[in-house]
Number of protein chains: 2
Amino acid sequence: MSQLYSSTLLENAVNEFAKLPGIGRKTALRLVLHLLKQSEEDVELFGNTFIRLRKEIIYCKVCHNISDTEVCHICSNPGRDAQTICVVENIKDVMAIENTQQYKGLYHVLGGIISPMDGVGPNDLEIESLVKRVQDEEIKEVILALSTTMEGDTTNFYIFRKLSPTGIKITTIARGIAIGDELEYADEVTLGRSIVNRVDFTNSFK
Amino acid sequence: MSQLYSSTLLENAVNEFAKLPGIGRKTALRLVLHLLKQSEEDVELFGNTFIRLRKEIIYCKVCHNISDTEVCHICSNPGRDAQTICVVENIKDVMAIENTQQYKGLYHVLGGIISPMDGVGPNDLEIESLVKRVQDEEIKEVILALSTTMEGDTTNFYIFRKLSPTGIKITTIARGIAIGDELEYADEVTLGRSIVNRVDFTNSFK
């Protein structure tokens, strides 16, 4: 198949793009041909941006979110509620929650979830540092906002057991029927849970 | 929206990916987070591959295909039929035709098609060099293999007019019903052309 590409440089570039998740060889070739049409300076900027990112990236030493500074702009913001920590899997979840503008507390980014199949154990994640935060700082509530997969549930339970001795309030985000969704199409587990965890009608407007 | 990203480095990297065709900001972020999980060496290789490609890329001085050498491996292959030139828009078309293993002649890569809307005129393409090749070398046939869009037809016609004075044989690839397709679903232009340009039954096995 190497004969397919008329140049080794071209083939290498296609290979690099094709290593990215969700990018096949056809798309990779399209991207490479696009780059070839850009100016040398633009392509240099393109390549160096990622090299610089990987080299200079800082993770907030408090919450482990990606940051430009030692302590991220959320952790260092005095306007945030520093007594509440929301535990998430990765920075995409932080961005999703920030987007809602409904949460004013801090975060703790685990960097993944416990997944023995992928060789990820509790020690590969920022769980110890979470326990330490809860012990050392004046935290009142920890919100678990991991995905409802088997791995997410395992991680939730592991963290719950680790934090239980501190007597802190541990909550999890509400699962239920999405706003706008019709009941008849909802899966039964979600629908069941949304009935069990029903809320006071006056609360539903908040 | 800049607040959305917790780091400028991160935002820059997302922006760079999002400049690529077909890659939105969500996909871009996913790709950036993937790169962050790779080793520093791997990301350096990733970035430098494109920088090197753009800097060191060579276009074959005969057919203008991407190449590692001054003359590409197709043009320099003595086993190819040097009297036939297939004119294509870009190197993806060369790869598609090479993949069929049905063509043994040479190529001529235009680098695009005439498209006034995009500001691409005949002088932006490798048309003059094609005329020169036909005049200087012993070419017997030029096959036009451009797309059947308005731009493709315009380009075909422009090249046809430029080459007509040389008296060379000018052909175009056959358009018709794709093998395996059913007649009832074919568009009428294609079906009409496939009837007008019908081939001898014995030829259809070749």
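Cut-offs applied
Residues numbered from 1 in each chain as written. Chains lettered and ligands numbered in written order. Predicted model: local features only at pLDDT ≥ 70, side-chain atom pairs only at ≥ 80, totals over all residues. Heavy atoms only, no water. Salt bridge = Lys/Arg side-chain N within 4 Å of Asp/Glu carboxyl O. Helix = DSSP H or I, 4+ residues; strand = E, 2+ residues; numbered from the N terminus. Pairing = 2+ DSSP bridges. Axes fitted to C-alpha atoms, helices over the stretch in contact; angles between N-to-C directions. Parallel < 35°, antiparallel > 145°, perpendicular 65-115°, else oblique. Left-handed = near helix turned anticlockwise from the far one by under 90°. Contact = heavy atoms within 4.5 Å. Nonpolar A, V, L, I, M, F, W, Y, C, P; charged D, E, K, R; others polar. Polar contact = N/O pair within 3.5 Å; in protein donor to acceptor, adjacent residues only side chain to side chain. Least-squares fit on C-alpha atoms with pLDDT ≥ 70 in both. Domains from an automatic or database assignment. Buried < 20%, exposed > 50% of the residue type's maximum accessible area, 1.4 Å probe, protein only. Right-handed = clockwise from strand over helix to strand, strands pointing away.

**Q** I keep staring at the pattern of salt bridges and nothing clicks. Help me out?
**A** Side chains that differ in sign of charge can pair as their charged atoms come close. Scanning the entire structure with this criterion turns up 16 salt bridges over all chains. Two residues, Glu128 of chain A and Lys162 of chain A, come together in a salt bridge whose shortest N-O distance is 3.4 Å. Of the two residues, Glu128 of chain A is situated in helix α5 (residues 128–136) and Lys162 of chain A in helix α6 (residues 150–163); the sequence distance between them amounts to 34 residues. In this structure, the salt-bridge partner of Lys19 of chain B is Glu16 of chain B, at a minimum N-O distance of 2.9 Å.

**Q** Please clarify how the sheet that holds strand β4 (residues 105–109) of chain A should be interpreted in this entry.
**A** Backbone-to-backbone hydrogen bonds pair the strands of a sheet. The strands run either parallel or antiparallel. Residue and element names in this part refer to chain A. Within the open sheet, the four strands sit side by side as β4-β3-β5-β6. Their pairing is parallel. The open sheet terminates on both sides in strands that have one partner only, identified here as β4 and β6 (169–172). Within the sheet, the average angular offset between the axes of one strand and its neighbour, ignoring direction, is 25 degrees. Sheet topology note: the strand β3 (residues 81–88)/β4 ladder contains five bridges and is parallel. When the sheet's bridge partners are listed, Val88 is paired in β4 with Val109.

**Q** What am I meant to see in the packing of helix α2 (residues 25–37) of chain A against helix α3 (residues 40–56) of chain B here?
**A** Contact geometry of α2 of chain A with α3 of chain B gives a least axis separation of 9 Å together with a crossing angle of 55 degrees. Judged by the inter-axis angle, α2 of chain A sits oblique to α3 of chain B. By crossing handedness, the relation of α2 of chain A to α3 of chain B is classed as right-handed. Between α2 of chain A and α3 of chain B, the contacting residues are Val32, Leu35 and Leu36 of chain A on the first element and Phe50, Leu53 and Arg54 of chain B on the second. Partitioned by chemical class, the residues of the contact of α2 of chain A with α3 of chain B number five nonpolar, no polar and one charged.

**Q** Sorry, what's going on with the interface of chain A and chain B here?
**A** Quite often, the size of an interface is put as the accessible area lost when its parts meet. If you look at the interface, chain A gives 52 residues, while chain B gives 52 residues. Between chain A and chain B we count two salt bridges in total. The partner of Lys55 of chain B in a salt bridge is Glu44 of chain A, and the shortest N-O contact between them spans 3.6 Å. Linking chain A with chain B are six residue pairs in polar contact (both at pLDDT 80 or more). Of all the elements in the fold, those that place two or more residues in the side of chain A that touches chain B are α1 (8–18), α2, α3 (40–56), β2 (66–67) and α4 (91–100) of chain A.

**Q** What's the story with the relation of the copies chain A and chain B in this structure? I'm lost.
**A** Copy one and copy two of the chain differ by a rotation about an axis and a translation along that axis. For the match of chain A to chain B, the screw axis carries a shift of 0.0 Å, the RMSD comes to 0.0 Å, and the turn is 180 degrees. Accordingly, the operation relating the two chain copies is best matched by a two-fold axis. It is Gly47 of chain A whose C-alpha, among those of chain A, lies nearest the rotation axis, at 1.9 Å. Here 100% of the contact residues of chain A are again contact residues in chain B; the copies associate through an equivalent surface.

**Q** What is the right way to look at the domain arrangement of chain A in this model?
**A** The domain architecture assigned to chain A consists of domain 1 (8–56) and domain 2 (76–205). Once you take the C-alpha centre of each, domain 1 of chain A and domain 2 of chain A turn out to be 36 Å apart.

**Q** Help me understand the pairing of strand β5 (residues 141–144) of chain B, please; the structure alone is not making it clear to me.
**A** Looking along a regular strand, one sees the side chains alternate between the two faces of the sheet. All names here are of chain B. Burial along β5 is two-sided: the face carrying Glu141 and Ile143 and the face carrying Val142 and Leu144 are both buried. Across four bridges, strand β3 (residues 81–88) lies against β5 in parallel orientation. Its bridge partner lying in β5, Val87 is registered against Leu144. Bridge count for β5 against strand β6 (residues 169–172) is four bridges, and the pairing is parallel. Across the sheet, Leu144 pairs through a bridge with Thr172, a residue of β6. Tracing the backbone out of β5, into helix α6 (residues 150–163) and back to the parallel element β6 gives a crossover that is right-handed.

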